[in-house]
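Geometric and topological summary
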Amino acid sequence: MILNSIFLGAIGPGSWVLIALAILLLFGGKKIPELMRGLGSGIKEFKDASKDESSDKKEKE
């Protein structure tokens, strides 16, 4: 946790802008919403799977 805060503290706002511009140049403006939708659905599936797993463990006990 501390390592993450150190790493994020080392990257300033200007660096975040450069990273965002590089991503925009690599993928293009039309492709980014598709990538974010895919990322969001992947996170949602992961959360659903972890909820199912925890409910399965509770039922077995």
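Rules behind the numbers
Residues numbered from 1 in each chain as written. Predicted model: local features only at pLDDT ≥ 70, side-chain atom pairs only at ≥ 80, totals over all residues. Heavy atoms only, no water. Helix = DSSP H or I, 4+ residues; strand = E, 2+ residues; numbered from the N terminus. Buried < 20%, exposed > 50% of the residue type's maximum accessible area, 1.4 Å probe, protein only. Areas by Shrake-Rupley, 256 points an atom, 1.4 Å probe, with all protein chains shown as cover. Salt bridge = Lys/Arg side-chain N within 4 Å of Asp/Glu carboxyl O. Patch = residues over 30% accessible without salt bridge, like charges linked within 9 Å, V, L, I, M, F, W, Y side chains within 5 Å. Lys, Arg positive; Asp, Glu negative; His and termini not counted. Charge placed at Lys NZ, Arg CZ, Asp CG, Glu CD. pLDDT = per-residue confidence, 0-100.

**Observations regarding the overall build of the protein chain**
Within the protein chain one finds three helices and zero strands. From first element to last, N terminus to C terminus, the protein chain shows the α and β order α-α-α. In the protein chain, which comprises 61 residues, the share counted as buried stands at 2%. A total accessible area of about 5,700 Å² is found for the protein chain, and carbon and sulfur atoms account for 68% of it.

**With respect to the pattern of salt bridges**
For the structure on display, the rule yields one salt bridge. For the salt bridge of E34 with K31, the shortest nitrogen-to-oxygen distance reads 3.6 Å. One end of the pair is E34 and the other is K31, both in helix α3 (residues 31-60) and three residues apart, which spans about a single turn. We classify E34 as partly exposed; its relative accessible area is 45%. A residue is classified by how much of its surface remains accessible, and K31, at 43% relative accessible area, is partly exposed.

**Concerning a negative patch on the surface**
Residues E45, D48, D52 and E53 make up a contiguous surface patch of negative charge. As for its position among the elements, D48 is in helix α3. Taking relative accessible area as the criterion, D48 reaches 37% and is therefore assigned partly exposed.

**Side note on the confidence of the model for the protein chain**
Atomic detail in the predicted coordinates should be set aside for any region of low pLDDT. In this model, the protein chain carries an average pLDDT of 80, and 72% of its residues clear a pLDDT of 70 or more. Ranking the elements of the protein chain by mean pLDDT puts helix α1 (residues 2-10) last with 60 and helix α2 (residues 13-27) first with 87.

**Topic: a nonpolar patch on the surface**
A contiguous nonpolar patch, built from W16, I19, I23, L26, F27, L35, M36, L39 and I43 and spanning about 860 Å² of accessible area, is present on the exposed surface. Of all the elements, α2 adds the most residues to the nonpolar patch, at five residues. Along the chain, L35 falls in helix α3. Judged by relative accessible area, L35 falls into the partly exposed class, the value being 35%.

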